[in-house]
Amino acid sequence: MNKKSMVLAVAGALAAPGWAVAQTSVTPTQIVQPAGIASSGGITLYGRLDETIVSNDFSESGNKLIGKVKKGDVWAPGNAMGVRGREDLGGGTSAWFQLEIGVWPDGRLETSAVTGNNWGGRNSAIGVSSGIGDILIGIWDTPYKQTYGVWNSITSGGFSAAGITVGNGDTTGALGNALCTNTVSNTSGAIPAAGAPAQNVCVTEATANGTAWSRRINNSVQWWSPVWSGFQVKLMTAMANYQSPGTAQFASGLPKAKEYSASAAWVRGPLSIGLGYDYHEGLRPGTAAGQNANPKDNAVQLGAKWNFGPGEIGVAYETLTYENTAASGAADNGMKVPSYAVNGRWNIGPGAVWASYTAADTKSCTQTNAAATTIGSAVCGAKPKMYVLGYDYVLSKRTKLYAAYSKIDNDVVTSSTGAFIAGNNYYYIAGPAGNNGGGGNVGNGTASGIAQGTDVTTIGLGIQHVF
């Protein structure tokens, strides 16, 4: 195999479902029947292992309270192992399944790892293929999240901005249920009083983040159309328990979580174009009297990628819209978060150079001298940026080494006197622990997440193998 073919083979392999941090939009046949797998009967084992030695610098960006923290770590983003199979039922109909689990060679045990650390914790479903397309039931990336793969060119070490500065976070889990508690009342956080209505306890599912748009959702039902001349449509909804009126758990009423997601992708020759849409209702409930218990949020993204032989370039634009949940007469706490991304790769020697630049902004939101609207990692008035530069050294069609430099510039907003008000806190998906502590570095470096206004600089050297 020549060097150019080797580079393209690895890039193609890493774009396969279950191996990439952000999945590409591919046909159902590719998902459940990779090249080399029999069309009927048989089960295949697949996976991706990616380990990166990183040096992290967490430093202040206008927030003088947080100080500076350095941390060395081993990072294992997007690692997975799975089994999949397919059976021909005759008449052009097939049944298929996929079971996927998160795997970490360095033994990560924190909550973010454990969420997907079971068979069926990552993209897993049982489905039927026929002339009308595929219907699948299980836990799977939303069509909106899959659209990130249309324009994304970065498959090394999880350094893609998809699910970080683009998408306002990544999450796995079920839709939230206001009627599920763990012995405490959702209304006050206190133990229910004697004679109070019984509290339901939900212990079978983790709950997904209500502000993030890079989503892998439990209890989802999806339909994927056949591929017509490179064009495919995908639709999804997620089932949620306790949709009856019930007893109000918040002073504002009972949130009734809903999510609908859709995508359209056209892949023909060197050009890929994708459009994604996601709708949330009741995922960010206002809890006080007079607030909106079922805000309607939505997201739209448009992306494209062009492969011109020795390299490729991808571009994307996204707008997240969070509805106001405040009571009548109170300050509007809604927000729009536009963002864009430019990324690509260029084949050099036995590998390829890759790079990206992304930036986000906030619109239609409230900022004063004392506070700024904050939703997820987005802060009104702050404009985060992310820069990435790396190189893949291809060893075979399944294995590569890579080096990377990345910086997340978490902007801050200040008062008229220059005092710190708030700042973004975007950080890597499944990445190293950050400086979540308070002033004077109290508790810094001991848990996931970072303090507002922290810039994150990472230098990494990694190895990746797919099988």
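Below: a short report on this structure. The written sequence of each chain sets the order in which its residues are numbered from 1. In keeping with the predicted nature of the model, local features appear solely for residues at pLDDT of at least 70, side-chain atom pairs appear and are counted solely at 80 or more, and the whole-chain, interface and lining totals rest on all residues. Excluded from the side-chain calculation are hydrogens and water; included are all heavy atoms of the structure.

**Quick word on the state of the cysteines**
Test applied: The criterion for a disulfide is a pair of cysteine sulfur atoms lying within 2.5 Å. Here a helix means four or more residues in a row that DSSP labels H or I, a strand means two or more in a row labelled E, and each is numbered from the N terminus.
As enumerated under the stated definition, the model contains one disulfide in all. Each disulfide pairs two cysteine sulfurs, and for C365 the partner residue is C380, the sulfurs being separated by 2.2 Å. An S-S torsion of about 85° defines the bridge between C365 and C380 as right-handed. Placement of C365 in the loop between β17 (351-360) and β18 (374-375) and of C380 in the loop between β19 (378-379) and β20 (385-394) is noted, with a sequence separation of 15 residues between them.

**Section: the pairing of strand β6 (residues 133-141)**
Threshold: For two strands to be treated as a pair, DSSP must find at least two bridges joining them.
As paired elements, strand β5 (residues 124-130) and β6 share seven bridges and run antiparallel to each other. The residue of β6 that forms the bridge with V128 is I135. Taken together, the seven bridges between β6 and strand β10 (residues 214-224) define a ladder with antiparallel strand orientation. Across the sheet, residue D134 finds its bridge partner in β10, namely W224.

**Quick notes on the environment of R84**
Here is the rule: Between N or O atoms, a polar contact is any pair within 3.5 Å; within protein, one atom must be a potential hydrogen donor and the other a potential acceptor, and residues adjacent in sequence are included only when both atoms are from side chains.
You can see R84 is positioned in strand β3 (residues 80-90). For the pair R84 and Q98, spaced 14 residues apart in sequence, the C-alpha separation works out to 4.3 Å. A distance of 3.1 Å separates polar atoms of two side chains, one belonging to R84 and the other to Q98.

**As for the side chain of E318**
The condition is simple: With a 1.4 Å probe rolled over the protein chains alone, any residue whose accessible area is under 20% of its type maximum counts as buried; one over 50% counts as exposed, and the rest are partly exposed. For the charge count, each Lys or Arg is scored as positive and each Asp or Glu as negative, with His and the chain ends excluded. Each salt bridge in this description consists of a side-chain nitrogen of Lys or Arg and a carboxyl oxygen of Asp or Glu lying within 4 Å of one another. Contacts were defined at the residue level, with two residues in contact if any of their heavy atoms lie within 4.5 Å.
Position of E318 relative to the elements: it lies in strand β15 (residues 311-322). Although E318 lies buried, it forms no salt bridge, and the closest oppositely charged side chain, R215, sits 11 Å away as judged by the N-O distance. A polar side-chain atom of E318 sits 2.6 Å from a polar atom in the side chain of Y144. One polar contact links the side chain of E318 to the main-chain amide nitrogen of G167, over a distance of 2.8 Å. Not counting chain neighbours up to four residues away, the residues in contact with E318 comprise Y144, Y148, V166, G167, V300, Q301, V337, P338 and S339.

**Brief notes about the nonpolar core**
Here is the rule: Residues grouped as a nonpolar core are buried Ala, Val, Leu, Ile, Met, Phe, Trp, Tyr and Cys residues, joined through side-chain atoms within 4.5 Å.
Ranked by internal contacts, the top residues of the largest apolar core, which has 41 residues, are F159 and Y428. Look past the residues within four positions of Y428 in its chain and what remains in contact with it is W75, F159, I164, M386, S406, K407, I408, V456 and T458. Counting residues in hydrophobic clusters, the runner-up holds seven residues, among them L175, A208, A238 and L283.

**A closer look at the packing of aromatic side chains**
What counts is decided by this rule: Pairing of aromatic side chains requires ring centres within 6.5 Å, counting the rings of Phe and Tyr and the six-membered ring of Trp. Pairs whose planes differ by under 30 degrees are stacked, by over 60 edge-to-face, and all others tilted. For a ring to carry a charge above it, either NZ of a lysine or CZ of an arginine must fall within 6 Å of the ring centroid while also lying within 35 degrees of the normal to the ring plane.
Taken as a whole, this structure holds 15 aromatic pairs when the rule is applied. Ring centres of W140 and W224 lie 5.9 Å apart, and the angle between their planes is 75°; this geometry places the pair in the edge-to-face category. Taken as a pair, W140 in strand β6 and W224 in strand β10 lie far apart in primary sequence, 84 residues in all. Overall, W140 belongs to the buried group, its relative accessible area being 0%. Through successive ring pairs, a cluster of aromatic residues spans Y144, Y148, W151, W213 and Y322. When the ring centre of Y46 is taken as reference, the NZ or CZ atom of R84 above it lies at 3.8 Å.

**Some details on a nonpolar patch on the surface**
Here is the rule: Grouping into patches uses exposed residues only, defined as over 30% relative accessible area, and leaves out salt-bridged ones; the cut-off is 9 Å for like charges and 5 Å for nonpolar side chains (Val, Leu, Ile, Met, Phe, Trp, Tyr). A 1.4 Å probe and the Shrake-Rupley method give the accessible areas. Residues count as covered only by the protein chains that appear here.
Together, W228, F231, W266, I273, L275, Y277, V300 and L302 make up a nonpolar patch on the protein surface, roughly 710 Å² of accessible area in all. Sorting the residues of the nonpolar patch by element identifies β13 (271-281) and β14 (296-307) as the ones contributing at least two each. Looking at which element gives the most residues to the nonpolar patch, the answer is β13, with three residues. Within the fold, Y277 resides in strand β13.

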